[in-house]
Each structure stands twice: as structure tokens, then as C-alpha cells.
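# Examination of the molecular architecture
Listed below, chain by chain, are the residues.
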Amino acid sequence: MTARESILQAVRAARPAATPLPDVRAAAGGFPPAAGDVVARFREVARATGVTVLEGARREAADLVARAYPDASRIVSVSTHLAGTVPVESASRELADIDLFVCEAVLGVAENGAVWLPASRLGRRAAAFLAPDVVVLLDRAAVVADLHQAYERLDLAAESFGVFVAGPSKTADIEQSLVIGAHGPKSLTLILFGAVGS
Amino acid sequence: MSANQRPALPVLTHRGLPGRAERVDHARAAALFNADEARTDWHDGALWFAREKRDLAAAAVAEWEALRELASAIKEHTLSHLDEYLLAFEERALANGVRVHWAADAEEHNRIVYGILERAGSSRLVKSKSMLTEECNLNPYLEARGIEVIDTDLGERIIQLRREPPSHIVAPAIHLTKEDVGATFHEHLGTEAGLADPVALAAAARAHLRDRFLAADAALTGVNFAVAQTGALVVCTNEGNADLGAALAPVHIASMGIEKLIPRFDDLAVFLRLLARSATGQPVTVYTSHFQRPEEGQELHVVLVDNGRSRQLGRAAFWRSLKCIRCGACLNTCPVYRRSGGHSYGSTLPGPIGSVLTPGIDLERYAALPFASTLCGSCTAVCPVKIDLDAQLLHWRQLVTEAGHAGRVKALIVNATQLVLGRPWLFRLAGGVGRRVLRLLPRRISRLAAGPWGEARDLPRPPAQSFREWYRQNRPGASRSRRAP
């Protein structure tokens, strides 16, 4: 008997009495809505995770980035609003010493300050984790209240990969001291664009 | 005594696990840990800090209790249909181009991982955190076969360099001070002697590991959740190490216990809202990565591991322990864990959840663990998936005693208690004798009657009369008046 068969057989023999699967969407629909403007909450929580939040128009992205990261010269950009200097499809070794990675998020989540970045928005996904600094563009209209709303909108079927990113990489493994910039990016800047107030 | 003069903590040999036949002696290991009182206090405080952060995060979510109910119900449903969800997951994963492997036990898991590496010609493996590979003892298995294994989570790397097991499932090096880490990095990474600044130490580790990430030809990650509906593998980290490894290496192996399945993509919201808040008080981990299919030119493997889980599923009193999502909240809140340290449990998983899962692997060897608890129930109160940890601990105690593994003193106490409490006349007699004798004896001797509790405590002075005597004197006719109102 293969391991697969033996495991399935053992699991079948051990199954506890069946219990029902709760309706998560219905339950989440009944949760009390958080007070206040969803974008304002997103901004506040994102800042608490160590994110720098900039406000602007989409067409100003290049200027905002240049001002925020004046010394960045090796830039990988997956955004159409900013030209990169290193090709998105570069080999890992080439990506290892880039200064900046720029991309556009699909949505943001107010309750935890995270942005959703699927593979189609990342190019070669290694760049997003190798770059010391990352800039993410996000439309204010794409901010949802919580993860329930986020997962209802997300479609991973067409993607190889997708990641929620909430702030720069960090660790507290040495005496619980928070250190920003563990293995991944040391800074994350969000540029919020689009109509204010929705 | 300053922190860097503190003696090293006693550490069990070979990644913490005692020899096969050796029984874990939690009380003895805890006494060794407690020998350094200042350090014990520091450890206690560090864990309690995490508990406080968890409380703040939980209180900020109005629907917290509803989320716990949902999470518990989803997990119980999944476990009660686990064979169906395993098959559904396998089908989706295969359709996504993921290679699916099944391992009945730890040995088979290790063989599969090595086989994948061998076929791919990989010899440099970077790992992100995986308690499962600790459970399977994967590292020594691979190292004996010429594979370089680098743990990349900062805490795991620290303890790997020190050749210690993790002492906590979320913060593997929580038992170490920054001075300890400084000494370890000085020895292994060549940092300046005496360096104890967490920022500088983390920077040194980042530089050291960056080269390993770029040189690796395989990456192994754990799995927090596997979605049966879509085949997605979800991994949560703060450091970005799982993503760096998986994005750079041509081979990605994800190892998971079969209990990690959840039915639907939307269910992730429930668990992700609970996980980081319960673990560290963060609203979510920095990275929540969803691996759906391999990138072009990459292999993505998932290894589904049983290793005793199906046995635990068949235990009516204990199957709910498989709901665990490994947040560590029960460790942080446990008064015994906080003051005895993770290594004292001698098992891969320490703390209340470890003491519930581990006796099922070897009851005799881990007989002490269900007793490493005050049964205060704090673990159950904070558990995000509502595992009845204290009830399960109590139940294991009964099984341990029935099987004759409780030890002579514990068995004697239990039997004597049963004898006395079962006979009211004997109870009254024993109480009367005790009150008189304990009052006459000097304190130094009388407190021996309290057993190990007396080591750090004085018994209160015995009262002159028993409650029964007092009641008779002060409430004459009380029982009659209750009967005839």
C-alpha cells in the first residue's frame, strides 16, 4: 500500500462525527462596520507597521519617488507611471543589488495596512524581496475594510503567486527588540492616488 | 549579576530531544531553569509582554469571539472530512502543476525531501521556519547526506549556530538574551566581541544570509494553511525569508502536516485575522504569501505528512488539538511555560499545546508533560481556535496514571486522596490530627507537609477548629431552616 492510501485509510477510520461548515460570508456580513473613513484607517494602520504613506496623483509618481529616494539609480519598475533602469526580467544576480522596486497594488486592507501584490503585478517576484526599498502605488478606491472583503475580491486562479505585504520586513527574534529590515526590504513607501473620499 | 555573566542555560543534547528510552523530567529541567532567578524573571516578563500585546490586538477587533467560533467550526468541519479535503487539495494542486507527495511518518518525509534534492542536483538548501521539519529531525538527516542546510529565520539561525532546539514555536530563540546572541555571532559570524545591539546583530545576520539565499539551489518552507478549493499554500512570515528563498531557488519544497488544510479561499480571512494578533499582537504578519503554482522554470513540491496525526484524529478526547494553528499564544500565557522555558519540555512543541500533542506520540516518555500545568485554563481562554487545552491536559493525566507512568509519589498522593476523601469519618479524623500536629511542630518541619510547594512557601497557621465545627457552633438549626422554609 502506498503512503497516500495508508494515510487516507487511517484518516477515514479516525474521522470524528461530521460537523457543518459555517457560512463565513454571511457571518462576516453581520460584523459591526468599523467607524470612520476606510482610507484614513488604512493610512493609520499602515504607518503603524512602519510604512511611509505619501499622497499624490498617479502622474506625480515619478517625482514623488525621486524625492523620496534621491539616491536610487538601479530601479526595477513594474508600474507604467515610472520608468525603471534595470529590466524587470533580469536574472537574480542582477536583481540582488538593485536600489528600488516599484509596483502597483490591486487593493489595500484597512484593518491591517496590507496591500495585495499578485505575481502579475510583481514581474520576477524576487525583486520585491531583494530590493532594500520598495514603493507601492495604490488607488484610494481600492482600499477595503477587512480581509473578508479582500478575499471576496481577490482572484488567485490566474496567478502563480500572490502576497499581502504589510510594511517593511522586520524581526523581533533578538530579545523581542523590533528591528526593521530583516531579510527583505528595509523600507516601504505607499503612494495613495485617486479621488479623495469615496 | 549582569546579563552577559549569566551562566548558559542547561540545554538538552541532540537538538533537545533526550535519548529514545529517556523519560522527560520536566520538573527537574524546570528546577535547573529556575536556578537563575533573574533570568527566569526576565523570561517570564518577555513572554508576558507578548501576551499583553495579544490582548490589545484582540480587544481592538469587535468580532473577536465570533472569529474564534468560526475558526474552531471551520477546523472541526475540515478534520471531520479530512480525507475528502486531502483528495480535493491534491487534485487542485496537481492541476496547478504542483508535485504532491505523501509521507506516513517522519522518516518517509525526510526520504522524500532528500529524493527531490537529489533528483534536482541540489545541495544547498535554505529553510524558513517549519516546526514540522523539527519534528521530523530533517536537518541532521540531510546533513548526513551531504546537503548544506541553512535555517534562515533569524531566531532559527541563531539556535542552529548554537546547535540548540527552538524553545518557542513562534520565537525560537526567546530563551536567549542579546548578549547570548552577540557571543554566538562573534564566534560564528565574526562580529565584534561584546556586540549586543539587536539592530547591529540583525544587520550582520542579514549580510551573512543574503549570500546563502543567492547561492541556494533549493528552498524549503513550512505551510500555515493549505486551501483545498484552490490548491494554494499560504506561508506567513515577518522577515521575508520564506519569499526570498522560494523566489530565488529553482526548487521549492513545502512541508505540511495533513491538519493544515482549510476548505475555501475565503476561510483564510478568518484565520489570518486571528493568527498574528494571537501570536505577536500584529494585525497581520508582514508577508502572507500564497503559492499557487510554480513559476516558469521552477519546481514546486508539497509533502503531506501524517506522522501520528491520523492517530490523534482517532482519539475522541484529543482530536480537537489538531485544530492548532501554531500561534504560540498558549505558551506566552502559560505560567508554567513562562517560568520553566521551552527546553524543559523535551519535545518539539513545548507549552500547553505540546503537552497535549506529544503524549500521543509516546505516553511513557512524555508522561510528565500533562502535569507541567496548573490547569488554570489561561491557554484555553486565549486559544484562537478554541482548543479545550486544560481539559485535554487533565484527561492525559488520567491516562498517564492509569497506565502506571505517573511515578510512585504522584500515584501515592492520588490514592491517598481517594482513600481519605471517600470516607467522611477518615477525612474528619485526618483534619483534626493535622490541625493539632501542625500547630505543635516547628515551621521548618511543618512545611514539609506541603511537599515541594513548601520549598518556597510557609503553610498558614492551622485554625483552632474545622469549618464543620464552626458551622455547628454558629449556625445551629441552619440546615433545618433550609429544609422547612
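Just so it is clear, the model here is predicted, and its values are computed rather than measured.

With that settled, the discussion passes to the side chain of Ser289 of chain B. With respect to the helices and strands, Ser289 of chain B occurs in strand β9 (residues 287–291). Relative accessible area serves as the criterion here: at 1%, Ser289 of chain B is assigned to the buried category. A polar atom in the side chain of Ser289 of chain B sits 2.7 Å from the side chain of Asp243 of chain B. In contact with Ser289 of chain B, other than residues within four places in its own chain, are Phe161, Gly162 and Val163 of chain A together with Leu233, Val234, Val235 and Asp243 of chain B.

All names here are of chain B. Mapping Val420 onto the fold places it in helix α19 (residues 408–421). Val420 sits in the partly exposed class, given a relative accessible area of 24%. Sequence separation between Val420 and Ala430 is 10 residues, and the spatial gap between their C-alpha atoms is 8.0 Å.

Turning next to the pattern of salt bridges. This structure, assessed with the given rule, holds 34 salt bridges over all chains. Between Arg12 of chain A and Asp83 of chain B there is a salt bridge whose closest N-O contact spans 3.1 Å. A residue pair is termed interchain when its members come from two chains, as with Arg12 of chain A in helix α1 (residues 3–14) and Asp83 of chain B in helix α4 (residues 82–95). Between Lys127 of chain B and Asp151 of chain B there is a salt bridge whose closest N-O contact spans 3.2 Å. One end of the pair, Lys127 of chain B, is in strand β2 (residues 124–127); the other, Asp151 of chain B, is in strand β3 (residues 148–151), with 24 residues separating them in the sequence. Side by side, Lys127 of chain B and Asp151 of chain B carry an identical accessibility label, which is buried.

Residue and element names in this part refer to chain B. The 6 strands lie next to each other as β1-β10-β7-β4-β2-β3, forming an open sheet whose pairing is parallel. The two strands at the open ends of the sheet, each matched to only one other strand, are β1 (99–103) and β3. If you compare each strand with its neighbour and ignore which way they point, the axes differ by 20 degrees on average. Here β1 runs beside strand β10 (residues 299–305); their pairing, made up of 5 bridges, is parallel. Residue pairing across strands places Arg99 opposite His301, the latter belonging to β10. Its contacts with the sheet place α4 against β1 and β10, and it is angled at close to 145 degrees to β1.

Rules behind the numbers
- Residues numbered from 1 in each chain as written.
- Chains lettered and ligands numbered in written order.
- Predicted model: local features only at pLDDT ≥ 70, side-chain atom pairs only at ≥ 80, totals over all residues.
- Heavy atoms only, no water.
- Helix = DSSP H or I, 4+ residues; strand = E, 2+ residues; numbered from the N terminus.
- Buried < 20%, exposed > 50% of the residue type's maximum accessible area, 1.4 Å probe, protein only.
- Polar contact = N/O pair within 3.5 Å; in protein donor to acceptor, adjacent residues only side chain to side chain.
- Contact = heavy atoms within 4.5 Å.
- Salt bridge = Lys/Arg side-chain N within 4 Å of Asp/Glu carboxyl O.
- Pairing = 2+ DSSP bridges.
- Axes fitted to C-alpha atoms, helices over the stretch in contact; angles between N-to-C directions.

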